[in-house]
Each structure stands twice: as structure tokens, then as C-alpha cells.
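# Summary of structural features
Residues per chain are reported as follows:
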Amino acid sequence: MAYTTINKPSEYFNTKLFTGNGSTQSITGVGHQPDLVWIKHRNNATLWNHSIHDSVRGSTKYIPPNTTNQELTDVNSVTSFDNDGFSIGSFVKINESGTNFVSWNWKANGSGSSNTDGSITSTVSANTTSGFSIVTYTGTGANATVGHGLGSAPKMMLIKHLNTTNHWRVYHNSLGATNVIYLNLTDATDTGQGSVNFNNTAPTSSVFSLGTNAGVNASGGTYVAYCFAEKKGFSKFGSYVGNGNADGTFIYTGFKPSLLIRKRTDASNDWYINDNKRAGYNSQNDYLFPNSTQTESALQRFDFLSNGFKIRTTDTGDNASGGTYIYMAFAENPLVGTNGVPATAR
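Figured I'd write up the structure that's included with this text. These numbers come from a predicted model, not from an experiment. (Residues numbered from 1 in each chain as written. Predicted model: local features only at pLDDT ≥ 70, side-chain atom pairs only at ≥ 80, totals over all residues. Heavy atoms only, no water.)

When you go through the protein residue by residue, the secondary structure sums to four helices and 32 strands. Computed over the C-alpha atoms, the radius of gyration of the protein is 19 Å, within 12% of the 20 Å expected from 2.2 N^0.38 for a compact globule of 346 residues. For the protein, the spread of C-alpha atoms along the three principal axes comes to 50 × 45 × 45 Å. A total of 346 residues make up the protein; the buried ones form 57% of that total. Counting only contacts in the protein whose residues sit at least 6 apart along the sequence, the fraction spanning at least 24 positions is 64%. In the form shown here, the protein has an accessible surface area of approximately 11,800 Å², with 43% of it arising from carbon and sulfur atoms. Taken as two groups, the 24 positive and 22 negative side-chain charges of the protein have centres that lie 3 Å from each other. (Helix = DSSP H or I, 4+ residues; strand = E, 2+ residues; numbered from the N terminus. Rg over C-alpha atoms; globule rule 2.2 N^0.38 Å. Buried < 20%, exposed > 50% of the residue type's maximum accessible area, 1.4 Å probe, protein only. Contact = heavy atoms within 4.5 Å. Areas by Shrake-Rupley, 256 points an atom, 1.4 Å probe, with all protein chains shown as cover. Lys, Arg positive; Asp, Glu negative; His and termini not counted. Charge placed at Lys NZ, Arg CZ, Asp CG, Glu CD.)

Here you go:
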């Protein structure tokens, strides 16, 4: 695992809240020029989809992570990726007047360039400092490899078929390359499906592997992969086992999290996403659900701590006795000393 050189995490990942105006507006204060923008309404009675936008596929294009939908285009959605945020048009799902929205924003490296590390030539926008890349490629229908540009092996990948409907495939290092789980579903791990999705092969420092399943590698299919390598003090991708007790499991990350996404893997359950910007964390955690249109739910289930997170519920979505869970977490404010060990002061 690489040590981070990041002193200000908001320059690479940040959560930004905003209120829709029904017209056009520039969302500023993100702290960087984002290359991946994930937007969800928080309080509208109309249950709209999530919306993911990135600089490699280009402005005005989006994909909802809670559905099987193919890539969609709306000229009034995200219209540009700006120096300190992004601009949006009047697309109601991300800018209805008076509606509260949240955006989660990652920095890669612009619109991308050609990568020939794999048997499939890809377009890659990679940030090796923060361990995040956006990869687009065209499938062959045969076992293949694809360059990701990170210089270290991804611990988690989200892959979506763009030119037809299909489930979102998720690779997570805690599940291994012999299994797959789906971002848009509540399903438990789909065991034994790694051969057709990831060719039963874990990612390397230069490429990830594909099987022949149409969800990742149909001949002529177009795809996007969001790849995350772990950087000590900035990001963590791991797993934990629940204890079924209100004094729940403590999960060490080495930093105070600013974003936490997780999923129970041994049983059907929603995905959860929490951050440090929406009101009430560590008193009432504001939950959203990557697989669902559901609006924000205020639940008290865990605490963000200076060096990880602590489960505070018996609810089986977070803490079933013997239940297994995967997570991805990003730092709020890691302070890394010369020995590479993150400070944990609150």
C-alpha cells in the first residue's frame, strides 16, 4: 500500500452540498476541478435517480448507478467541469428549484489519453497521487486486459456497460476476483462469477482483467471503469464482520473519514453512502442509497472517529452478527508524518 503525499484531501475528493435553482448555476467550493461528479437529490418527493458524470465521457452525459440504464445525454445536465467545481443547466434531476442536492467529487487528470498497457487500448484519466482513474474502453468478447494508469493495483472498481442496459459490476479486493457484486442491486455477492467478469484475475499495477460477460466485455460494447487504488492516510478499501451488538465493530482506516460507502455481502441489503457534510453525522447519520432513488434517511448507526468508524447499531444492514461487509472510505484530514503514519488527532 502506497503512502499518501496528500496534505489537503479536498484537493482530490470532496463532498459539496447545493440547492437547485431550476435554471443554470456554477457549483463552486469543491476545492479542485472534478473529473467525476456523482449527484443525488436529498429531499424531493419525486424519487429521482442518482447521476454520475465524468470528464472522459464528456459533459452532458450521465449514467445512473441505481439502474441498468445505458449512458444518457441531457444538454442541461453537467455542462462543464470547472476550476473549483462544475456548472449545471436546468436538468430537473440535478437542479430543481428549491431542492437540496449532494455531490461527491473526485479529481483524476482531465479528459484522458490513450493507454496501451493492456490487450485492449483504453482511454485513461489517472491521478496516481490519490489513486483514482477513469477508464473507457471497447470490448472484444474475448478474455482481455485493460490499462488503468494508476501504477498500483486497484482495490475497488466500478464498471458499467455504456451502450446498452446492464448491471454495474463491482470488483472489491475483499471479495476477490472470483466473485462480483452489483452496485445497482441489493443482492449478496454473486459467488463464482469472477471467471466471466474478471477472468478470475486480480488487477495488477498496470492492468485489470476481463472475462467474456457482456456486462464488462461484449464485442463492440463501450464501457467505463472507475478504478480506486488505496493510498495510506487518504483512502481505504476493506471489510469487517458484524457483532450484532449496539457496541459494534470498530473499523480502523488510519484517518477520520469524510465519505463512507458500504454493503453487506453475505445477504441482500442496500448499499449505504454517508459523508461528513450533510447535517447530523455522529448524532443522526444521513443515509443515501447508491442502489435506490430513496431520499435521505436520518439514522443513528455509526460514528466517524479520528482514525476510523465505529458501528453503533444492531441493524443487520450495518451490523448483523457474523455478517460480512465491504467498504470504501476517503479521508477528511489526514496528517501524515515523515514515518508515513497518519496522525489521528480529532
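Read on for the rest.
This part is about the side chain of D318. Inspection of the secondary structure assignment puts D318 in helix α4 (residues 316-319). A polar atom in the side chain of D318 sits 2.8 Å from the side chain of R262. (Polar contact = N/O pair within 3.5 Å; in protein donor to acceptor, adjacent residues only side chain to side chain.)

Within the secondary structure, S55 is located in the loop between β5 (51-54) and β6 (61-62). Reaching out from S55, the side chain makes a polar contact with the backbone oxygen of G110 at a distance of 3.0 Å. Dropping the residues within four chain positions of it, S55 is found in contact with D35, F81, G110 and S111.

Nonpolar side chains in soluble globular proteins tend to be buried together. In this structure, W104, W106, Y226, F228 and F330 are the most contacted members of the largest nonpolar core, which totals 35 residues. Of all the secondary structure elements, the ones that give two or more residues to this core are β4 (36-41), β10 (100-106), β13 (132-138), β15 (156-161), β20 (222-228), β24 (257-264), β25 (271-275) and β30 (324-331). Those residues in contact with W104 that lie beyond four places of it in its chain are F13, N14, T15, L36, V37, W38, K40, L259, I273, D275, R278 and L288. Membership of the second largest hydrophobic core comes to 23 residues, among which are A144, Y182, A225 and A229. (Core = buried A, V, L, I, M, F, W, Y, C linked by side-chain atoms within 4.5 Å.)

With a phi close to 75°, T60 is a non-glycine residue in the positive phi region. Positive phi outside glycine occurs at N199, with the angle close to 55°. Mapped onto the secondary structure, N199 falls in the loop between α2 (194-198) and β19 (207-210). Classification of N199 by relative accessible area gives partly exposed; the value is 28%.

This paragraph deals with the packing of aromatic side chains. Taken as a whole, this structure holds 26 aromatic pairs when the rule is applied. Summarising the aromatic geometry, the rings of Y62 and F91 are spaced 5.2 Å apart at their centres and angled 45° between planes, so their arrangement reads as tilted. Of the two residues, Y62 sits in strand β6 while F91 sits in the loop between β9 (85-88) and α1 (92-95), which places them 29 residues apart along the sequence. Centroid distance W106 to F228: 6.1 Å. Interplanar angle 65°. Geometry classified as edge-to-face. Pair noted here: W106 is in strand β10 and F228 is in strand β20, with a separation of 122 residues, a long-range link. Both residues of the pair, W106 and F228, belong to the buried class. Taken together, Y12, F13, W106, F132, F228, F234, F237 and F330 form an aromatic cluster joined through their ring pairs. A cation over an aromatic ring shows up here: R262 above the ring of F302, its NZ or CZ 4.8 Å from the ring centre. Across the ring face of Y287, the terminal group of R301 is positioned such that the distance to the ring centre comes to 5.2 Å. (Phe/Tyr/Trp six-rings, centres within 6.5 Å; stacked < 30°, edge-to-face > 60°. Lys NZ or Arg CZ within 6 Å of the ring centre and 35° of its normal.)

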